[in-house]
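Inside the fold
Given next are the chains, with one letter for each unit.
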Amino acid sequence: MDNMAAKPDETILDEGIEKGAALLTDERIEKTILRVLNTEGGARIKVYVDTCVHCGLCAEACHYYLSHDNDPRFSPAGKVRQTLGEMIARKGKVDREFMKKAAEIAATQCNLCKRCAMYCPFGIDVAYLMSVVRRITHLLGMTPQYIQATAHSHSVSMNQMWVREDEWPDTLQWQEEEARSEMPKLRIPLEKEGADIMYSVIGPEPKFQAQLLYQAAILMNAAGVNWTMPATPGWDNSDMAMFTGDSELMGRIKRQHFETAARLKVKKIVMGECGHAFRSVYDTGNRWLGWKIPPIPIVHAIEFYYDLIKEGRIKIAQKYAEPVTLHDPCNVVRGGGLHEKARYVIRAICDNLIEMHPNREHNYCCCAGGGVINCGPPYKMARINGNRVKAEQLFAVKARGARTLIAPCHNCHSGLEDINHYYGLEMNVKFIGDILYQVMEKPE
Amino acid sequence: MNTEEWDWETSEKCVAFKDWHQQFEWVEEPYVSPDGEIIAAIVNVGEGEFSICANGNIQESSFEKIWRLRFTPDGRLTALASDAGEWTVTVDGAAWENRFSYVWNPLFSDDGHSIAVSFQQDGQYGMALNDVPWEQTYMNLTDAFLSADGQHTAASVQMIAAGESEIHKFQAGTISAAVNGKAWDRNFVNVWGKAVSHDGARVAAEVRLTLYDYTIAVNGVPWEKTYSSVWEPVFNPLSGKFIAPVRQDGKWMLVEEGQLLWRKPFHQLWHPQFSPDGKNLAAIVATEFGKWSVAINGQAWNIRIGELITDMVFSPDGRKVAVVVKDNERWGIAVQDSVWKNTFDMVWKPVFSPDNTHIAAKVEKDGKYTIVMDDRIWPHTCDAAWDPVFHPEGELLLFRTIEDGVYRRRVIPIRGIWG
Ligand code: SF4
Ligand code: SF4
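With that settled, consider the overall build of chain B. The helix and strand tally for chain B stands at two helices and 44 strands. In terms of overall dimensions, chain B is globule-like: its C-alpha atoms have a radius of gyration of 23 Å, near the 22 Å expected for 419 residues. Along the longest, intermediate and shortest principal axes, the C-alpha atoms of chain B span 60 × 55 × 35 Å. Residues counted as buried form 58% of the 419 residues belonging to chain B. Partitioning the intrachain contacts of chain B with sequence separation of at least 6 by distance along the chain shows that 35% fall at a separation of at least 24. Total accessible area on chain B is roughly 17,000 Å²; 46% of this is exposed by carbon and sulfur atoms. With 37 positive and 58 negative side-chain charges, chain B shows a spacing of 8 Å between the two charge centroids.

Tallying secondary structure elements over chain A gives 22 helices and seven strands in all. On C-alpha atoms alone, chain A measures out to a radius of gyration of 22 Å, which is about the 22 Å that the 2.2 N^0.38 rule sets for 444 residues. Projected onto the principal axes, the alpha-carbon positions of chain A cover approximately 70 × 50 × 40 Å. The proportion of buried residues among the 444 residues of chain A is 66%. Across chain A, contacts joining residues at least 24 apart in sequence account for 81% of those joining residues at least 6 apart. Summed over all atoms, the accessible surface of chain A reaches about 15,200 Å², with 51% contributed by carbon and sulfur.

Here we take up the packing of aromatic side chains. Under the definition given, this model contains 31 aromatic pairs over all chains. Between Trp6 of chain B and Trp8 of chain B the ring centres are 6.2 Å apart and the planes differ by 15 degrees, which places this aromatic pair in the stacked class. For Trp8 of chain B, a relative accessible area of 8% translates into the label buried. Each residue in the set Phe258 and Trp291 of chain A together with Trp231, Trp252, Trp270 and Trp292 of chain B is aromatic and connected to the rest through ring pairs, giving one cluster.

Size it by volume and the second largest pocket reaches roughly 1,500 Å³. If you trace the second largest pocket, you find 44 residues lining it, with Glu40, Arg135, Ser247 and Trp288 of chain A together with Arg247 of chain B closest to the centre. Those elements that place two or more of their residues in the lining of the second largest pocket are α2 (26-41), α3 (43-51), α8 (126-139), α13 (241-244), α14 (247-263) and α15 (276-289) of chain A together with β25 (242-248) of chain B. Ranked by the residues each element gives to the lining of the second largest pocket, the list is headed by α2 of chain A, at eight residues. When grouped by side-chain class, the residues that make up the lining of the second largest pocket number 15 nonpolar, twelve polar and 17 charged.

Before going further, it helps to spend a moment on the pattern of salt bridges. Side chains carrying opposite charge are able to pair once their charged atoms draw close together. Enumeration over the complete set of coordinates arrives at 47 salt bridges over all chains. In this structure, the salt-bridge partner of Glu28 of chain B is Arg187 of chain A, at a minimum N-O distance of 3.2 Å. Taken as a pair, Glu28 of chain B in the loop between β2 (26-27) and β3 (31-32) and Arg187 of chain A in the loop between α10 (167-179) and β1 (197-200) lie in two separate chains rather than in one. Taking the shortest distance from any N to any O, the salt bridge between Arg313 of chain A and Glu311 of chain A comes out at 3.6 Å. Judged by its relative accessible area of 51%, Glu311 of chain A is exposed. Through salt bridges with shared partners, a single ionic network connects Asp328, Glu340, Arg343, Glu355 and Arg360 of chain A.

Here we come to the packing of helix α5 (residues 76-89) of chain A against α8 of chain A. All names here are of chain A. Relative to each other, α5 and α8 sit at 40 degrees, their axes nearing to 10 Å. Between α5 and α8, the crossing angle belongs to the class labelled oblique. The interaxial crossing formed by α5 with α8 has left-handed handedness. Residues Pro76, Lys79, Val80, Thr83, Leu84 and Met87 of α5 touch α8, and the partners they reach there are Val126, Leu129, Met130, Val132, Val133 and Ile136. Among the residues making up the contact of α5 with α8, the classes are represented as ten nonpolar, one polar and one charged.

What follows covers the sheet that holds strand β21 (residues 214-218) of chain B. Strand order in the open sheet formed by four strands is β19-β20-β21-β22 (chain B), with antiparallel pairing between adjacent strands. Each of the sheet's edge strands pairs with one partner strand only, and the pair in question is β19 (190-196) and β22 (221-222) of chain B. Alignment of β21 of chain B against β22 of chain B, held across two bridges, turns out to be antiparallel. When the bridges of β22 of chain B are listed, Ala217 of chain B appears paired with Pro222 of chain B. The sheet contacts of α14 of chain A involve β19, β20 (203-208) and β21 of chain B, and relative to β21 of chain B the element is tilted by about 65 degrees.

Time to look at the packing of α2 of chain A against α3 of chain A. Residues and elements named next belong to chain A. Following both chains from N to C, one finds α2 and α3 inclined at 110 degrees, their axes separated by 6 Å at the closest point. With respect to α3, the element α2 is oriented roughly perpendicular. Of the residues in α3, those in contact with Val36, Leu37 and Gly41 of α2 are Ala43, Arg44 and Ile45. Grouping the amino acids of the contact of α2 with α3 by side-chain chemistry returns four nonpolar, one polar and one charged.

Before going further, it helps to examine the sheet that holds strand β15 (residues 141-146) of chain B. Residue and element names in this part refer to chain B. The strand order across the open sheet formed by four strands is β15-β16-β17-β18, and the pairing between neighbours is antiparallel. Both edges of this open sheet fall to β15 and β18 (182-183), since each of them pairs with a single strand only. Bridge count for strand β16 (residues 153-158) against strand β17 (residues 175-179) is five bridges, and the pairing is antiparallel. Across the sheet, the residue bridging to Ser156 is Ala177, located in β17.

With that settled, consider the domain arrangement of chain A. Residue and element names in this part refer to chain A. One can read the domain layout of chain A as domain 1 (2-143), domain 2 (156-309) and domain 3 (315-439). With centres defined by C-alpha atoms, the gap from domain 1 to domain 3 works out at 27 Å. Taken together, the contact pairs 25 residues of domain 1 with 25 residues of domain 3. Across the domain 1/domain 3 interface, buried area totals approximately 2,100 Å², and carbon plus sulfur atoms make up 57% of it. Three residues, Ser67, Asn111 and Arg115, lead the burial of domain 1 against domain 3; their summed loss comes to 24% of the area buried on that side. Put simply, domain 1 and domain 3 have one salt bridge between them. If you look at where domain 1 meets domain 3, you find 13 residue pairs in polar contact (both at pLDDT 80 or more). For the side of domain 1 that touches domain 3, the secondary structure elements donating two or more residues are α4 (63-67), α6 (96-108) and α7 (115-119). For the side of domain 1 that touches domain 3, the element with the most residues is α4, which contributes four residues. Residue classes in the side of domain 1 that touches domain 3 are distributed as 13 nonpolar, five polar and seven charged.

What counts and what doesn't
Residues numbered from 1 in each chain as written. Chains lettered and ligands numbered in written order. Predicted model: local features only at pLDDT ≥ 70, side-chain atom pairs only at ≥ 80, totals over all residues. Heavy atoms only, no water. Helix = DSSP H or I, 4+ residues; strand = E, 2+ residues; numbered from the N terminus. Rg over C-alpha atoms; globule rule 2.2 N^0.38 Å. Buried < 20%, exposed > 50% of the residue type's maximum accessible area, 1.4 Å probe, protein only. Contact = heavy atoms within 4.5 Å. Areas by Shrake-Rupley, 256 points an atom, 1.4 Å probe, with all protein chains shown as cover. Lys, Arg positive; Asp, Glu negative; His and termini not counted. Charge placed at Lys NZ, Arg CZ, Asp CG, Glu CD. Phe/Tyr/Trp six-rings, centres within 6.5 Å; stacked < 30°, edge-to-face > 60°. 1 Å grid on protein atoms, 1.4 Å probe; cavity = no way out; pocket = protein on both sides within 12 Å on 5 of 7 lines; lining within 4 Å. Points joined across faces, edges and corners; volume = space filled by probe spheres on them. Nonpolar A, V, L, I, M, F, W, Y, C, P; charged D, E, K, R; others polar. Salt bridge = Lys/Arg side-chain N within 4 Å of Asp/Glu carboxyl O. Axes fitted to C-alpha atoms, helices over the stretch in contact; angles between N-to-C directions. Parallel < 35°, antiparallel > 145°, perpendicular 65-115°, else oblique. Left-handed = near helix turned anticlockwise from the far one by under 90°. Pairing = 2+ DSSP bridges. Domains from an automatic or database assignment. Buried area = accessible area lost by both parts, 1.4 Å probe. Polar contact = N/O pair within 3.5 Å; in protein donor to acceptor, adjacent residues only side chain to side chain.

Listed below in structure tokens is the structure:
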């Protein structure tokens, strides 16, 4: 893997980008770029690009830039300059080789984390501009292979992991049975119309992390929540189409998610610990369909745990003793303002929370989000090298005593595991739910 | 569903539902037959052993697992049940002859005579209609469909094996639709929602020809025009053609076999629905971002709803439309361009009286359920309720509720509802 390290000048060979590029003509490239610039993105793109004064204030916000020894090519403004800036300046007259590099930069060198937007005096949203580049590369058929494959899964199965229609209820029934050895009357109520809450998760949970479904079931039953899970497609809240620029597919899967909740007549959708899915259901996907706010309110797991603990519906038997630190996921913290609620929950279930720095909305991204980890093995080292600064941040908090790293987001969790392993941090990476399950009182 | 033959004479019948909880380890959420005569629930009768209790009588057969208990529209009690690792469908306590590795997604015809399910048998997929499985099975199946008359099953099926990372193979088309088990002779990138012509001869589906070109295919033949997206087709009973919402230049419009049906495009347009006589066409629309309404024959109502419109229903004469609306975090009902003043925590699909004059719906407020009719609330708070049913002549209403642990089937003269 190490030989795949992203040295700035090296291009990683990706079948999705390569084969897509091979089919391109200059004319198609130009037409597609102009179409997106003139019709879809319109004024906002141009204003952003024209407003940038190249002051460089955003550079130090970006973990890629910091991790690559302040190489300007990895600065937010630098990424715009190498992609959209050129496309605009050359009025779409760019070639195949240019587009290959642009696809790689937009898909794998930006996590759409929006940290840089906080430091730009003009509030320029580079994440948005990188999404525009991804939209163009989608329309040109040159999205990286692995994330494109995931979009295909969404299109067929309406979930991220090719979970078949029968596998989903079967998995829930299996987890229900398992959990009954711990709570004999436990239920995972499927298709219970009129429940208060529909619990939704992302595809990897039934596929690889069924223990998370088990833990959620214990929590719901212990707290006496009137909940349900759909037995049909629509159960998955994840959305890689949002990150490939396939807005039409994003709309289709979000419609199914919300219409499933509406069909079940639930008052809220509670979602598991996922960040990108939150962005999709809380902001991007619903809006594309015309819903200004989610038509059925969305409650992220952090907020849900907060409510359960605050209302005394979950009692803590014994707090988690090992000192913990919290990684604030971009999508639920910068994007959803859940940082204080996360701390309330962690203080309620852990003895000792040691803050990493920077934290809250200033935290560095995990470098997995924005679909980057979903671009798969070819970019694994690009991700790890692109976030040396995260390792440094974690070593510093470890030196102050933290041993467990809480990451209440699936992408963060997986990305941080890679950082943990590669840089030899030896921390225990956990979801809040893992600890909550461990420390809560469980009725017989 | 012949409601005329139901018991409209007895004003009240009761079942002591709460008592079941003493009898069994646990009792799952109950379901009630359309005519209100039976209340049933899945019950646990011992460790890893389940049965179905109906009006206090336990079905003879028990299973390791039972789920998806539902009444068909004609009042038969169905469930999906498993024993020794095999799954089947039970109907009024009798299991289908066929056993499968897994079975899910039961679908009922409008009259309830037909029951279809999706099945998986040793890793192969198909549908079964009234205990008759498709002869041909496939490597994967999604989006199962049963025609309203119960005669035709259809699903999206995978025709060509492709590894997850074989993206270009996938984009060349691996998916088709199988109708009554037989696949179309053309593959697509995707096949989704389906509709069938009234004579059953043509099935239409949303398809994606490439990653970018969406259209409707009828019996496997795509419309000539493609769009940047489409929603599921609907059969037009008068023209005999299929219509569908399509997206072009960032707007949604309604077309019939590629021809523009409504002059005006919308920000969103979905769930088109013909009136029972086929003469009127309604759809849920957003006139602009975050502003929802209902369009009838292309003309949007004046009301604008901020959050959600769902559960659209035509009156039997096709002249009125009612919908469930959600605005400012409250649920309500809108009828003929006017929103009722009462709001609720949840509202179920409105029900028209056969003479088109009344509208009633199940509603929830503060954790209790009741019925609202013509924007007036029935002054009973119930622990559970089911949709109200009108007598065919329209003078009586059937209420099915649970109050203080007792299931009650009440027949109430409409004039007497308000006490
Ligand atoms: S990774 Fe984050 S900070 Fe860096 S350019 Fe992208 S959005 Fe900005
Ligand atoms: S901070 Fe804003 S204006 Fe300055 S270089 Fe970055 S994007 Fe441009």
